[in-house]
Amino acid sequence: MDRLKAISPACTPASLAFHAPQRDSLLHHDKVFCPRKKFSFPELAARPREFNGHSVATMSTNSYNNHVTQAVLQSGREIEFFEAIKNGGFRGKLNKVVLAYSGGLDTSVIVPWLRENYGCDVVCFTADVGQGIKELEGLEKKAKASGASQLVVKDLKEEFVRDYIFPCLRAGAVYERKYLLGTSMSRPVIAKAMVDVANEVGADAVSHGCTGKGNDQVRFELTFFALNPKLNVVAPWREWDIRGREDAIEYAKKHNVPVSVTKKSIYSRDRNLWHLSHEGDILEDPTNEPRKDMYMLTVDPEDAPNVPEYVEIGIEAGLPVSVNRKRLSPASLLAELNEIGGRHGIGRVDIVENRLVGMKSRGVYETPGGTILFAAVRELESLTIDRESMQVKDTLALKYAELVYAGRWFDPLRKSMDSFMEKITKSTTGSVRLKLYKGSVMVTGRKSPYSLYRKDISSFEDSLLYDQADAAGFIRLYGLPTRVRSMLKRGI
């Protein structure tokens with residue numbers, strides 16, 4: 001019987017043991033692993049000297065169905081070592097995992113890591129939410145080169161804008177005064193599509209490349225829980241030994257994963273049809289001004305045209321339908337406004353926000369089309385919604401934004417609030433004319449067939465509907481509590 005002399009300096013005979021499921025494991029399978037250092041079977045096979053020339057693992061050439069047959073502890077007492085990872089990986093066994101895949105460094109190294117640690121087939125999934133053609137080019141080749149069995153790409157642009165962006169726009173949802181929720185809105189539509197793909201391919205798990213410090217892990221997983229609570233969720237950044245980009249690059253090289261990044265610090269970006277976010281690098285110091293060359297969607301307002309541009313937004317029941325009287329689909333409309341707003345430097349926001357997980361983070365966002373739409377919808381509502389309704393709507397908008405930011409898109413509360421928003425904006429139909437000039441959006445006109453504004457009432461001229469003398473009685477009644485309180489203080 002072969003004798004196991006050593007696996008690594010960090011994995012001594014005392015630490016090589018059978019372990020029940022650990023707290024960080026999402027599976028219910030027993031597993032064998034070395035707590036400090038985990039080796040892939042190719043790595044073990046490549047280290048014969050550390051096993052005194054004895055073989056302790058066999059591996060089929062077309063899969064990761066590895067079998068550790070038996071081993072003997074260094075103490076000299078022979079113990080039969082059972083099959084440690086029967087038809088699986090170091091952390092348990094999954095059949096098929098759908099991975100949210102971007103083709104970047106993190107998700108590229110996750111593919112071999114999943115196969116190595118869970119012995120599973122990996123199906124990569126990419127959602128087209130308007131991140132740009134360049135980010136989609138060559139993804140299938142890259143995914144398969146990383147070890148995935150297939151890549152599924154779905155065009156979600158129209159669904160994203162129609163069913164996620166426009167409801168938030170109608171609700172007036174803005175997080176912490178500035179953030180127009182670009183990333184927050186995209187995660188539930190992507191996660192929902194992942195669940196659909198998992199059902200289609202018969203997967204028993206889903207996986208994402210979100211870090212354990214961010215909001216996105218919550219947004220993805222709450223959607224998974226809401227739509228298919230039976231799916232296992234694998235979050236490598238909360239499990240693996242990779243602690244940064246340099247580690248990930250080394251892992252990629254070791255596993256022949258094709259990645260084009262270097263160890264040089266770069267921005268972390270997220271792009272979709274609504275916005276482009278920038279984080280990291282010099283932005284981690286909130287005293288630093290963003291570099292001019294960081295921006296990608298908008299020109300510097302100082303370099304924008306010296307002549308303003310006017311744009312007219314048509315709106316029906318609180319939702320935009322046309323640009324300059326040309327009706328467009330939701331995604332096409334937003335793309336058109338992104339181009340218009342981008343050339344005038346519209347929609348730049350630099351914010352320090354409170355993340356859901358408790359820390360503050362700084363981000364810079366470019367939302368050209370969204371900024372124009374928010375200005376237009378808000379302005380039309382000033383004509384069509386009465387004071388009390390607007391106050392309630394604005395109050396609920398804060399909670400709506402908080403729910404979306406926190407990943408609770410499929411919560412009953414958000415759905416109920418959405419029903420209210422749909423009802424209260426039913427009469428918000430009309431058009432708004434805006435002037436765009438060097439980063440600013442100025443309203444120059446608005447009209448609606450359901451306008452509550454009446455010139456004959458609001459005019460300073462005499463009106464049959466409003467007698468100015470009536471104001472005296474109104475003020476006496478409206479100010480009665482104030483008058484009584486003052487009389488009490490003065491003993492009157």
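What comes next is a walk through the structure. (Residues numbered from 1 in each chain as written. Predicted model: local features only at pLDDT ≥ 70, side-chain atom pairs only at ≥ 80, totals over all residues. Heavy atoms only, no water.)

## Observations regarding the overall build of the protein
And then number 1: A tally of helices and strands in the protein yields 14 helices and 16 strands.
And then number 2: In the protein, which comprises 492 residues, the share counted as buried stands at 46%.
And then number 3: When contacts within the protein are restricted to residue pairs at least 6 apart in sequence, those whose partners lie at least 24 apart make up 71%.
And then number 4: Taken as a whole, the protein presents about 25500 Å² of accessible surface, with 52% of it coming from carbon and sulfur. (Helix = DSSP H or I, 4+ residues; strand = E, 2+ residues; numbered from the N terminus. Buried < 20%, exposed > 50% of the residue type's maximum accessible area, 1.4 Å probe, protein only. Contact = heavy atoms within 4.5 Å. Areas by Shrake-Rupley, 256 points an atom, 1.4 Å probe, with all protein chains shown as cover.)

## Examining the sheet that holds strand S7 (residues 232–234)
And then number 1: Taken in spatial order, the 5 strands line up as S5-S4-S3-S6-S7 in an open sheet, and their pairing is parallel. The open sheet has two edge strands, strand S5 (150–155) and S7, and neither has a second partner. Geometrically, the sheet is characterised by an average inter-axis angle of 25° between neighbouring strands, direction not taken into account.
And then number 2: Looking at chain direction, strand S3 (residues 96–100) and strand S4 (residues 121–128) are connected through 5 bridges and run parallel. Residue pairing across strands places Lys96 opposite Asp121, the latter belonging to S4.
And then number 3: Relative to the sheet, helix H5 (residues 182–201) contacts S3, S4, S5 and strand S6 (205–207), its axis offset from that of S3 by approximately 155°. (Pairing = 2+ DSSP bridges. Axes fitted to C-alpha atoms, helices over the stretch in contact; angles between N-to-C directions.)

## A few points about the pattern of salt bridges
And then number 1: Across all of its chains, the model carries 26 salt bridges by this definition.
And then number 2: Residues joined by salt bridges that share partners form a network here, namely Arg187, Asp216, Arg219 and Asp270. (Salt bridge = Lys/Arg side-chain N within 4 Å of Asp/Glu carboxyl O.)

## Some points on the packing of helix H4 (residues 157–171) against helix H9 (residues 368–384)
And then number 1: Put simply, H4 and H9 touch, their axes get as near as 9 Å, and they point 45° apart. Viewed along their axes, H4 and H9 adopt a mutual orientation that is oblique. Between H4 and H9 lies a crossing of right-handed hand. Of the residues in H9, those in contact with Phe166, Cys168, Leu169 and Arg170 of H4 are Leu373, Phe374, Val377 and Glu381.
And then number 2: Its residues assigned to classes, the contact of H4 with H9 comprises 6 nonpolar, no polar and 2 charged. (Parallel < 35°, antiparallel > 145°, perpendicular 65-115°, else oblique. Left-handed = near helix turned anticlockwise from the far one by under 90°. Nonpolar A, V, L, I, M, F, W, Y, C, P; charged D, E, K, R; others polar.)

## Structural notes on the packing of aromatic side chains
And then number 1: Counted by the stated rule, this structure contains 10 aromatic pairs.
And then number 2: With a centroid separation of 6.2 Å and an interplanar angle of 40°, the aromatic rings of Phe220 and Phe224 are classed as tilted. Taken as a pair, Phe220 and Phe224 lie in helix H6 (residues 216–227) at a separation of 4 residues, close to a single helical turn.
And then number 3: Centroid distance Phe474 to Tyr478: 5.5 Å. Interplanar angle 15°. Geometry classified as stacked. Of this pair, Phe474 and Tyr478 both sit in helix H13 (residues 470–478), 4 residues apart, which is roughly one turn of the helix. In this structure, Phe474 and Tyr478 share a single accessibility class: exposed.
And then number 4: In textbook terms, an aromatic cluster arises when at least three aromatic residues are bridged by ring pairs, as seen for Trp113, Tyr118, Trp237 and Trp240.
And then number 5: For the cation-ring pair, Arg219 lies above Tyr405, with the distance from its terminal atom to the ring centre recorded as 4.8 Å.
And then number 6: A cation sits over an aromatic face here: Arg348 above Tyr295, 3.5 Å from the ring centre. (Phe/Tyr/Trp six-rings, centres within 6.5 Å; stacked < 30°, edge-to-face > 60°. Lys NZ or Arg CZ within 6 Å of the ring centre and 35° of its normal.)

## Focus on the sheet that holds strand S15 (residues 430–437)
And then number 1: Read across the open sheet, the 5 strands follow the order S12-S11-S10-S15-S16; overall the sheet is antiparallel. A strand with exactly one partner marks an edge of an open sheet, and here the two such strands are strand S12 (326–327) and strand S16 (440–447).
And then number 2: Here strand S10 (residues 309–316) runs beside S15; their pairing, made up of 7 bridges, is antiparallel. In the strand pairing of S15, Ile313 is matched with Val432.
And then number 3: The strands touched by H9 are S10, strand S11 (319–323), S15 and S16; relative to S15, the strand with the most contacts, the crossing angle is about 135°.

## A closer look at a negative patch on the surface
And then number 1: Residues Glu461, Asp462, Asp467 and Asp470 make up a contiguous surface patch of negative charge.
And then number 2: Residue placement: Asp470 occurs in helix H13.
And then number 3: A relative accessible area of 53% means that Asp470 is categorised as exposed. (Patch = residues over 30% accessible without salt bridge, like charges linked within 9 Å, V, L, I, M, F, W, Y side chains within 5 Å. Lys, Arg positive; Asp, Glu negative; His and termini not counted. Charge placed at Lys NZ, Arg CZ, Asp CG, Glu CD.)

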